[in-house]
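Fold and contact review
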Amino acid sequence: MLDKAIKGSKLYWGWIGLLLAGVAIGFFAYTFQMREGLSITGMSRDVSWGFYIAQFTFLVGVAASAVMMVIPKYLHHYQPFARVLILGEFLAVAAVSMCLLFIVVDLGQPQRMLNVVFHPTPGSILFWDMIVLNGYLFLNILIGWVTLQAEHKGVEPPKWIKPFIYLSIPWAVSIHTVTAFLYCGLPGRHFWLTAILAPRFLASAFASGPAFLILLCYIVKIFTKWDPGKEAIQSLAKIVTYATIINLFFVALEVFTAFYSNIPGHMIHLKYLFVGLDGHSTYVAWMWVAMLAGLGAFFILLFPQNRQSDNVLAIACLLVFLGCWIDKGLGMIAGGFTPNPLEEIVEYAPTKLELLVTFGVYCAGFLILTILYKVAIGVKKEVEG
């Protein structure tokens, strides 16, 4: 099946070339970090997590969203998802790969990864995050490749793969739950100190992940002439709708709890993000764009006739993805670290080198995704032909 990844049109190879160039640019920027350390980033003593960890947090949600097709397909035998399930599995592989790369670049020096292996500390949430991320990556590679190989041969998947499929369901929930525990386990950070953070992470994951998968389905349909199926896309759209509603509800709960209860430690972070503090307003415009994008997507998706239109649904999914990315890919880190526990404002903004390294990691992830999708769609077109 791998032969299909090395056969393609000029457009395919042009896209591969662009992604490889992006990876090279990111690696070039990373060489500065390897020489000078994390001082090339915008992080500081007060902001010890930055853009890298923010992207990791967001992409964990994208990876976890694959479970929203595994459950209907394997527990409820919903057959329309059979066409797109492999796309969800391979999206999870690419997303988790990017998550691990963002952790590596956030360590400053790549050899520090070995400390987790040679000096394991089970009392640390980071240790368990390493376990669940690598385990989920292994599960998705195994399940995706074995089921695709069975489809290529025209036979049912082997029975021994079923336990791994069922195991992937709680494992998908665990990767984002453990990530949430990294945040809400820090008592000095009031913005993250909430028991609803894990459910909120999962709700945003089940909104942004399927929304991105719908966009990928449309892209696949345009460039490969393979139709993922309207029924599958419409079912994913319903999942995005319900998850978006729940995510917005959870955000409203956070705001109500902070301001109705008049809790200064919680209010000050939300004020910084949405109205600014003492003239510091770096993220105000971003957060209002995220809020308006979420509300706009909600009003579009709420009406079934809007979800029937491919163009309108694509716009709604783009708004969902954008809103969740800003909320978790920017606001979650900035809001938690600013102000610091002493109520001092030390603003964080990623540097150019930091953004270039991030760009390189995303290019690496999309390179993995492109190759896996090329194989998967090639197999499906061959079988259907």
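Residue indices begin from 1 for each chain and proceed along its sequence in written order. Residue-level local features of this predicted model are given only where pLDDT is at least 70; pairs of side-chain atoms are given and counted only at 80 or more, and the full residue set underlies all totals for whole chains, interfaces and linings. Computation of side-chain values covers all heavy atoms of the structure but excludes hydrogens and water.

1. So, the packing of aromatic side chains
In this scheme Phe, Tyr and Trp rings, the latter by its six-membered ring, pair at centre separations within 6.5 Å, and the angle between planes marks the pair as stacked below 30 degrees, edge-to-face above 60, and tilted otherwise. Across all of its chains, the model carries 21 aromatic pairs by this definition. Plain terms: the ring middles of Phe212 and Phe321 are 4.9 Å apart, the flat faces sit at 25 degrees to each other, and that makes the pair stacked. Remark: Phe321 occurs in helix α13 (residues 310–337) and Phe212 occurs in helix α8 (residues 197–224); sequence separation between them is 109 residues. For the ring pair Phe249 and Phe250, a centre distance of 6.2 Å and an interplane angle of 40 degrees mean the geometry is tilted. Buried, partly exposed and exposed residues are distinguished by accessible area as a fraction of the type maximum, computed with a 1.4 Å probe on protein chains only: under 20%, between the cut-offs, and over 50%, respectively. The exposure class assigned to Phe250 is buried, which follows from its relative accessible area of 15%. Put simply, DSSP marks the helices as runs of H or I at least four residues long and the strands as runs of E at least two long, and each gets a number from the N terminus on.

2. Some thoughts on the packing of helix α4 (residues 85–106) against α8
Geometry is summarised by axes, namely lines fitted to C-alpha atoms with helices restricted to the contacting stretch, and by angles between N-to-C directions that run from 0 to 180 degrees. Contact geometry for α4 and α8: axes closest at 11 Å, N-to-C directions at 115 degrees. Handedness of the crossing formed by α4 with α8: right-handed. Residues Leu87, Gly88 and Leu91 of α4 lie in contact with α8, whose contacting residues are Gly209, Phe212, Leu213, Leu216 and Cys217. Class assignment of the residues belonging to the contact of α4 with α8 gives a composition of six nonpolar, two polar and no charged. In this scheme the handedness of a crossing depends on how the near helix is turned from the far one: anticlockwise by less than a right angle means left-handed, clockwise means right-handed. Only heavy atoms enter the contact rule, under which two residues are in contact if any of them lie within 4.5 Å. For this classification, Asp, Glu, Lys and Arg are treated as charged, while Ala, Val, Leu, Ile, Met, Phe, Trp, Tyr, Cys and Pro are nonpolar and the rest, including Gly, are polar.

3. Quick look at the side chain of Lys73
Here Lys73 is to be found in helix α3 (residues 67–75). Of the side chains bearing the opposite charge, Glu156 lies closest to the buried Lys73, which forms no salt bridge; the N-O distance is 6.8 Å. When residues no more than four places from it in sequence are discounted, the contact partners of Lys73 are Tyr78, Gln79, Phe81, Ala82 and Leu85. The sign given to each residue is positive for Lys and Arg and negative for Asp and Glu; His and the chain ends receive no count. Put simply, a salt bridge is a Lys or Arg side-chain nitrogen that is within 4 Å of an Asp or Glu carboxyl oxygen.

4. A closer look at a nonpolar patch on the surface
The patch calculation keeps residues exceeding 30% relative accessible area without a salt bridge and links them within 9 Å when they carry like charges or within 5 Å when they are nonpolar (Val, Leu, Ile, Met, Phe, Trp, Tyr). All accessible-area figures derive from a Shrake-Rupley calculation using a 1.4 Å probe, and residue coverage is judged against the displayed protein chains alone. Residues Leu11, Ile219, Ile222 and Phe223 make up a contiguous nonpolar surface patch of about 440 Å² in total accessible area. In terms of residue count, α8 provides more of the nonpolar patch than any other element does, three residues in total.

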